[in-house]
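# Architecture at a glance
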Amino acid sequence: MREPRRRDPDRLLPADPTTRAVARELYRAVAGAPIVSPHGHVPVEWLAEDRAFSDPADLFITHDHYVTRLLHASGVAYADLGLGGASADPREVWRTLARHWHLFAGTASGYWLEEELSGVLGIDVPLGVETADAVYDTIDARLAQPDFAPRALFERFGIEVLATTDDPLADLQGHARLAGALAGRVLPTFRPDAYLDPDGADFGQRLERLLAAESAPATFAGYLDALAARRAHFIRHGAVSTDHGVEDPATLDLDEGSAERLFAAIAAGAADADQRRAFRAHMLFQMARMSVDDGLVMTVHAGVLRNHHTPTARRFGADTGHDIPVRTDFVRGLRPLLERFGTARDFHLVLFAVDETVYSREIAPLAGFYPSVYIGAPWWFLDAPDAIARFRSAVTETAGFSRASGFIDDTRAFLSIPARHDTARRADAAFLARLVIEGRLDDQDAERIIVDSVGDQPKRVFKL
Amino acid sequence: MREPRRRDPDRLLPADPTTRAVARELYRAVAGAPIVSPHGHVPVEWLAEDRAFSDPADLFITHDHYVTRLLHASGVAYADLGLGGASADPREVWRTLARHWHLFAGTASGYWLEEELSGVLGIDVPLGVETADAVYDTIDARLAQPDFAPRALFERFGIEVLATTDDPLADLQGHARLAGALAGRVLPTFRPDAYLDPDGADFGQRLERLLAAESAPATFAGYLDALAARRAHFIRHGAVSTDHGVEDPATLDLDEGSAERLFAAIAAGAADADQRRAFRAHMLFQMARMSVDDGLVMTVHAGVLRNHHTPTARRFGADTGHDIPVRTDFVRGLRPLLERFGTARDFHLVLFAVDETVYSREIAPLAGFYPSVYIGAPWWFLDAPDAIARFRSAVTETAGFSRASGFIDDTRAFLSIPARHDTARRADAAFLARLVIEGRLDDQDAERIIVDSVGDQPKRVFKL
Amino acid sequence: MREPRRRDPDRLLPADPTTRAVARELYRAVAGAPIVSPHGHVPVEWLAEDRAFSDPADLFITHDHYVTRLLHASGVAYADLGLGGASADPREVWRTLARHWHLFAGTASGYWLEEELSGVLGIDVPLGVETADAVYDTIDARLAQPDFAPRALFERFGIEVLATTDDPLADLQGHARLAGALAGRVLPTFRPDAYLDPDGADFGQRLERLLAAESAPATFAGYLDALAARRAHFIRHGAVSTDHGVEDPATLDLDEGSAERLFAAIAAGAADADQRRAFRAHMLFQMARMSVDDGLVMTVHAGVLRNHHTPTARRFGADTGHDIPVRTDFVRGLRPLLERFGTARDFHLVLFAVDETVYSREIAPLAGFYPSVYIGAPWWFLDAPDAIARFRSAVTETAGFSRASGFIDDTRAFLSIPARHDTARRADAAFLARLVIEGRLDDQDAERIIVDSVGDQPKRVFKL
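Residues numbered from 1 in each chain as written. Chains lettered and ligands numbered in written order. Predicted model: local features only at pLDDT ≥ 70, side-chain atom pairs only at ≥ 80, totals over all residues. Heavy atoms only, no water.

## Remarks on the overall build of chain A
On a plain count of helices and strands, chain A comes out with 22 helices and nine strands. The C-alpha atoms of chain A give 22 Å as radius of gyration, which agrees with the globular expectation for 464 residues (23 Å, within 12%). Judged by the C-alpha coordinates and their principal axes, chain A covers about 70 × 60 × 45 Å. Of all 464 residues assigned to chain A, the portion counted as buried reaches 62%. Of the contacts formed within chain A by residues at least 6 apart in sequence, a portion of 75% connects residues at least 24 apart. Accessible surface for chain A amounts to roughly 15,900 Å². Of this, 49% is attributable to carbon and sulfur atoms. (Helix = DSSP H or I, 4+ residues; strand = E, 2+ residues; numbered from the N terminus. Rg over C-alpha atoms; globule rule 2.2 N^0.38 Å. Buried < 20%, exposed > 50% of the residue type's maximum accessible area, 1.4 Å probe, protein only. Contact = heavy atoms within 4.5 Å. Areas by Shrake-Rupley, 256 points an atom, 1.4 Å probe, with all protein chains shown as cover.)

Structure representation (structure tokens):
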């Protein structure tokens, strides 16, 4: 069994000693700053109910498709991990992870998990077959303690703002209950994908439910009114943004008559593929229009083909590790939207990509002109130290630092939130230190930029 | 107010001390070399008339869409900067830049502007709200001095060749007037985009004007003759190249009959979108044919969607910061052209990209086979230290150094020319030094390569 | 004439001294490990017949399109190099290379050739005009010695496995003859492209020959049977994999009736472009099905447009330096195949790309979920130190190290095999050392990973 080891305090900082020294100073300036997390997927119930986290497997494995996917790729059956409603002994699931722990060497998931074990739970014993049970027991014991309950951790993590992601029909009672209960705020985010995409599961029923919820007529005007009403409901509960996950960020500007006719075909289930595509594109356009009206920041997470492997989706559901990025075209796709709303007063549109070729080619140039467009921080597969370095290198020379969104953790893995923000802070310190050493930035500017990037910047971009 | 600070003499060189020492030696070998600038946008009148530059705002801000775009993105109205014919007090415009100077931290524009202020104008006071007026006054005073007039700066910059970019109907009297007037040469470049693209503004009138200028019949043969005649006019005034800015580098080989029929439809304004696309593609093909005939180097700047935001284009005109890169396909697009002319004796085709994915995938492989194809230096959004490093890394292992074009500054910002060439020299020194330290190149080869790259190489590629 | 110089023992390792020290240790752990080469193009006859290599030009230049292409780009005619059946004095060809040796500075080809001259042939005199003849004579003398014959070099190189690439109708007698004759194994690889693509040269004749060879009926079922029979023949001769070189990795799942009808049209030469595309896509799908049945690992080398310059292909044949990468879409292209076979027991699908944008966007995410999918090592234009570094950076944070294929040399240049594997080992040592220094990996894990990557990993992936 290996020796326990302390995490390297200089981890993720550049190797060159002079650069590392500068990076260390920059990192120190933000290491303890409060966490602003304007986009993520933590279930609000966790905080609203404040129940102790379940077992280590449930907390670290079962719901983290970053982790389960790599186990799956190496031959572990999802059912053996307890996915898809299968029953699985948590301890066995944990042992499975421990047995495959070497797979995670060098990955972002592996790094975060080590950070969580060490930084949050105080466990520095390397994970492995021989230590699996001891680590499991230690985590299990910790989770039973009151200071590891969700709200206690929320406070310990120094979270100033945490946004959840919610269905438009959500009652948001959890958010209401949390108002004032914590030092930081917990805000809902309006995520209407399932109501905008006729190809989505149960679209017809959702459409009807949405109309019914707001007693709106079954017309396009009625549908838009219902959506606007739900947005207002979210705003009343503190929401500052809407989120849109799309395979293709296409938008389409339709006149009212065409839109009504299109809606009629869609609502009747009689629309062909071209019409369904047009509807999706027009709805994204309408979401921008509504944001111009009601002030909600619009975030677009584009370029992911969901549920690539249909048999897995059928058996185990969505978010089971086979959502795969595809090439993305923001420039032509968003043009109709930007022609109309790109310079609208106080409109904010944050673009997140998993096709990293768009950083230098599309997003930085767009954000370098349109006052509405912000460069979304590296997301999903790109939310890792090397990818963050490539991102900063790709966008900064064109658009500087001011057009970036600030980090978002985009996670359901509550315990990983500090690790993810810390990773971004270290990665940014590394990047900025290089610019300082290369004479492209002085250290005062570098410090101002990194401090801004973890506080005022996300607050400005997300109107917090 | 911050202290004045000297520019770091080692700026842009790598952090590692051993590598930096090698880079420093390489940089020294070319730091003072004459500037060969075979592609750019300085108005010939500036040099022909040699009038003192106007105010600091006019010189550094109003016409530099790299600068205005980032101000625009941060909420500054173009009209307030004096764009689109609006009147604006130059001092106020300058103050606006100073107030927003932090936006430019880490950008190429910010770096160049600091280089210009320090290197050309001797101003080391950091720009900011408190220093704005003093800096403005100092620049203003400098610009009034004879040694800051365009020709004096041309000589001081050590420019050996400077190419402008000109309309095919330009009389080139400015160039004629400059012949022999300067130690270096000022050459026109034939840029016929507006006469090749039926979707361009005023295309019909341009077509007629071109035919009229050369008394050519309104046939395709006549149109080609008129273009060839204008090229000959350019050659007589020293031109060595033509330049083609296209969204899509598609080419098409048509037989004479089809081309005549297509031209008839185009000239009659009766062509549909497919025909207009075919015409553009065939005209690019014809430009290559003419280059094979008359020896003009053909440069293609591809992959930019111009005027993304129509309302801004309508009010403020072209080149106002919303030309956005799109994905580019050189391999299939240029194939008809290369099938016919790719190995033609003495034909030079220089490919410039803003979609950097084509460097390793398309341009380096094409230039590594076709004797005509040269790898254009990083351009526009990619003309910056990190992007240059990515470029060298992407193309060198496949195509070495000999297939590259040498640096072009592509700028209208006359005072930024030394800074841009210096940046490229430093970035190349950094790249070469790394290869030396990694045992992939010896220092003699590295020095030969960097010396070649700023002198003989662009002269060979551009037939200077 | 320059001084002879020893190769830098630390070549390709990172500049930073601390990182270099770690990299050096990692490299040492694998520097002498046996070579596992599961994909390449060495003609089996060389080893079966074990004749001395011909002259230096034949060995190093004529058949190496990496070398001839760059000479061609610089104006050397292929005929003067002896291509296309032209006669050329080998010494003159060698002198041509020496005269143009500066073109190869910084290229992978130049690096490998220096490695071969120094490491295999013991020649440390720099190549150049003045040394050309002496170097030529030394090589020539070496090649005549028994210990430079193919089998002797095979043993000296420490090759444990060497895969060739073979036509489905190959009798594989060379492989049979070599069984047991060497310390390492020489295995055939089933490469059926010419039998799967109706647009390929002589497709009709090949189809008939294949059916005839296995006395199969001229139906689709018969054609599939014949292919399966040839695969079985390969398996009997030790084959572990099939290889598929495609421009577009599209796949298509057709029912039997449709496939039979499509085959009838194809066999009759009556298929249109859409049908031919469908046939290609369905055949790739069928190859996966057969791999599921017979266990052969399926490798796909995708995204190369072959024979870009038709006149050169006509005169000098295929593989003459103008195969050019194009954008590739693995995600949608392979989806039908992966829907059906992606989780099939023991199916291995290794994806090789020359469009490096797919590394982080497509291949790492696919390999991070599908147990069948492995990330092919950097290939062709990307098989070089910087490109390998970009590859590792692009895939590791998502998919770790376990999902990679291990290095393949993909080469016909037999003498370059040690140099290519050594390059990959050094590049991996450099990458891993950085992760260690950045606190992302401990040195024990790094050593385990690099040792695995040159031995057990390719053996697992290629079922050796």
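## A look at the relation of the copies chain C and chain A
Both copies of the chain are related through a single rotation about an axis accompanied by a shift along the same axis. It takes a turn of 120° to lay chain C on chain A, together with a shift of 0.0 Å along the axis; the resulting RMSD is 0.0 Å. In short, the pair behaves as if placed about a three-fold rotation axis. Relative to the rotation axis, the closest C-alpha in chain C is found at Asp16 of chain C, a distance of 3.4 Å. A share of only 7% of interface residues in chain C that are also interface residues in chain A marks the association as one of differing surfaces. (Least-squares fit on C-alpha atoms with pLDDT ≥ 70 in both.)

## As for the packing of aromatic side chains
For the structure on display, the rule yields 63 aromatic pairs over all chains. Ring centres of Trp46 of chain B and Phe53 of chain B lie 5.4 Å apart, and the angle between their planes is 90°; on these two criteria the pair is classed as edge-to-face. Exposure remark for Trp46 of chain B: the relative accessible area of 23% places this residue in the partly exposed category. Residue Phe53 of chain B is classed as buried on the basis of its relative accessible area, which comes to 9%. Here the aromatic rings of Phe263 of chain C and Phe279 of chain C are separated by 6.3 Å at their centres, their planes lie at 35°, and the arrangement is tilted. (Phe/Tyr/Trp six-rings, centres within 6.5 Å; stacked < 30°, edge-to-face > 60°.)

## Section: helix α12 (residues 220-236) of chain A
Residue and element names in this part refer to chain A. With 17 residues, α12 should cover 24 Å at 1.5 Å per step; its first-to-last C-alpha distance of 24 Å lies within 8% of that length. Turning to α12, its buried residues number three or more, namely Phe220, Gly222, Tyr223, Leu224, Ala226, Leu227, Arg230, Arg231, His233 and Phe234. Along its buried surface, α12 packs onto α10 (193-196), α11 (203-213), β4 (241-246), α13 (256-267) and α14 (273-294). Looking one or two residues beyond α12, the residue adopting positive phi is Gly238, at roughly 100°. (Expected span 1.5 Å × (residues − 1).)

## A look at the sheet that holds strand β1 (residues 35-37) of chain B
Residue and element names in this part refer to chain B. Pairing is parallel across the open sheet formed by three strands, whose spatial order is β1-β2-β3. Of all the strands in the sheet, the pair left with one neighbour each is β1 and β3 (185-187). Sheet twist, expressed as the average angle between the axes of neighbouring strands with direction ignored, equals 10°. Where strand β2 (residues 159-163) lies against β3, three bridges are found, and the strand directions are parallel. (Pairing = 2+ DSSP bridges. Axes fitted to C-alpha atoms, helices over the stretch in contact; angles between N-to-C directions.)

## Some remarks on the interface of chain C and chain B
Taken together, the contact between chain C and chain B spans 50 residues of the former and 44 residues of the latter. Interface area, chain C with chain B, both sides summed: about 3,900 Å², of which 50% is carbon and sulfur. One can count four salt bridges joining chain C with chain B. At the level of elements, α1 (17-30), α4 (65-73), α6 (108-120), α15 (310-316), β7 (324-325) and α19 (385-399) of chain C are the ones that each hand at least two residues to the side of chain C that touches chain B. Residues belonging to the side of chain C that touches chain B are distributed by class as follows: 22 nonpolar, 14 polar and 14 charged. (Buried area = accessible area lost by both parts, 1.4 Å probe. Salt bridge = Lys/Arg side-chain N within 4 Å of Asp/Glu carboxyl O. Nonpolar A, V, L, I, M, F, W, Y, C, P; charged D, E, K, R; others polar.)

## Some points on the domain arrangement of chain A
All names here are of chain A. The domain boundaries assigned to chain A delineate domain 1 (52-148) and domain 2 (188-461). Measuring from the centre of the C-alpha atoms in domain 1 to the corresponding centre in domain 2 gives 30 Å. In this assembly, domain 1 packs against domain 2 so that about 1,800 Å² is buried in total across both faces, 64% of it on carbon and sulfur atoms. Together, His65, Tyr66 and Trp112 form the three largest contributors to the area buried by domain 1 at its contact with domain 2, with a combined 30%. Applying the counting rule to domain 1 against domain 2 returns zero salt bridges. Our count for the domain 1 to domain 2 interface comes out at two residue pairs in polar contact (both at pLDDT 80 or more). Of all elements in the fold, only α3 (56-62), α4 (65-73) and α6 (108-120) reach the threshold of two or more residues within the side of domain 1 that touches domain 2. When residues of the side of domain 1 that touches domain 2 are assigned to their parent elements, the largest contribution, six residues, is made by α6. (Domains from an automatic or database assignment. Polar contact = N/O pair within 3.5 Å; in protein donor to acceptor, adjacent residues only side chain to side chain.)

## Some details on the pattern of salt bridges
In this structure the tally under the stated criterion is 123 salt bridges over all chains. The residue Arg420 of chain B makes a salt bridge to Asp383 of chain B at a minimum N-O spacing of 3.5 Å. Placement of the pair is Arg420 of chain B in helix α20 (residues 417-437) and Asp383 of chain B in the loop between β9 (373-375) and α19 (385-399), with a sequence separation of 37 residues. Between Glu356 of chain C and Arg390 of chain C there is a salt bridge; the shortest N-O distance is 2.8 Å. Highlighted residues: Glu356 of chain C in the loop between β8 (349-353) and α18 (358-367) and Arg390 of chain C in helix α19, separated in sequence by 34 residues. Three or more residues joined by partner-sharing salt bridges are found here, namely Arg91, Glu92, Arg95, Asp133 and Asp137 of chain A.

## Re the interface of chain C and chain A
At the interface, 45 residues of chain C touch 50 residues of chain A. Summing both partners gives a buried area of about 3,800 Å² for chain C against chain A, and 50% of it is carried by carbon and sulfur. Here Glu247 of chain A and Arg332 of chain C are joined by a salt bridge, their closest N and O atoms 2.8 Å apart. Counting across the chain C and chain A interface gives 22 residue pairs in polar contact (both at pLDDT 80 or more). If you list the elements that add at least two residues to the side of chain C that touches chain A, you get α16 (330-333), α17 (335-341), α18, α19, α20 (417-437) and α21 (443-454) of chain C. When grouped by side-chain class, the residues that make up the side of chain C that touches chain A number 16 nonpolar, 13 polar and 16 charged.

## Examining the pairing of β8 of chain C
Residues and elements named next belong to chain C. Among the five residues of β8, five are classified as buried, and the element is accordingly described as predominantly covered. In β8, alternate side chains face the same way, and those of Leu349, Leu351 and Ala353 on one face and Val350 and Phe352 on the other are all buried. Here strand β5 (residues 297-302) pairs with β8 via five bridges, running parallel. Counted as the bridge partner of Ala302 is Ala353 from β8. As defined by bridge partners, β8 adjoins strand β9 (residues 373-375) across three bridges and the pair is classed as parallel. Considered in β9, the bridge of Leu351 is made with Ile375. With respect to chirality, the unit in which β8 leads through α18 into the neighbouring parallel β9 is right-handed. (Right-handed = clockwise from strand over helix to strand, strands pointing away.)

## Details of helix α19 (residues 385-399) of chain A
All names here are of chain A. The terminal C-alpha atoms of α19 lie 20 Å apart, and with 15 residues this matches the ideal 21 Å at 1.5 Å per residue to within 8%. Counting buried residues in α19 gives 13 out of 15 residues, a clear majority hidden from the surface. Phi turns positive, to about 70°, at Gly400, one or two residues after α19.

## So, the sheet that holds strand β4 (residues 241-246) of chain B
All names here are of chain B. One open sheet accounts for four strands, arranged β4-β5-β8-β9; its pairing is parallel. Among the strands making up the open sheet, the edge pair consists of β4 and β9. When the angles between neighbouring strand axes are averaged without regard to direction, this sheet yields 25°.

## Regarding the packing of α19 of chain B against α19 of chain C
Axis angle and axis distance: for two packed helices, these are the angle between their axes and the distance between the axes, and together they describe the pair. Contact pair α19 of chain B / α19 of chain C: the axes reach a minimum separation of 8 Å and the direction vectors enclose 130°. Of the possible angle classes, the one that applies to α19 of chain B and α19 of chain C is oblique. Contact residues: Ser393, Ala394 and Glu397 of chain B in α19 of chain B; Pro385, Asp386, Ala387 and Arg390 of chain C in α19 of chain C. Class assignment of the residues belonging to the contact of α19 of chain B with α19 of chain C gives a composition of three nonpolar, one polar and three charged. (Parallel < 35°, antiparallel > 145°, perpendicular 65-115°, else oblique.)

## Description of the environment of Phe220 of chain C
Residue and element names in this part refer to chain C. With respect to the helices and strands, Phe220 occurs in helix α12 (residues 220-236). In this structure the C-alpha to C-alpha distance between Phe220 and Ile363, which are 143 residues apart in sequence, comes to 32 Å. Not counting residues within four places of it along the chain, the set of residues in contact with Phe220 comprises Ala259, Glu260, Phe263, Phe279, His282, Met283 and Gln286.

## So, the side chain of His348 of chain B
All names here are of chain B. Along the chain, His348 turns up in the loop between α17 (335-341) and β8 (349-353). By relative accessible area, which is 9% here, His348 ends up buried. Looking at His348, its side chain comes within polar contact range of the main-chain oxygen of Val461, at 2.7 Å. In this structure, His348 is in contact with Val297, Met298, Ser372, Tyr374, Arg460, Val461 and Lys463, ignoring residues within four places of it in sequence.

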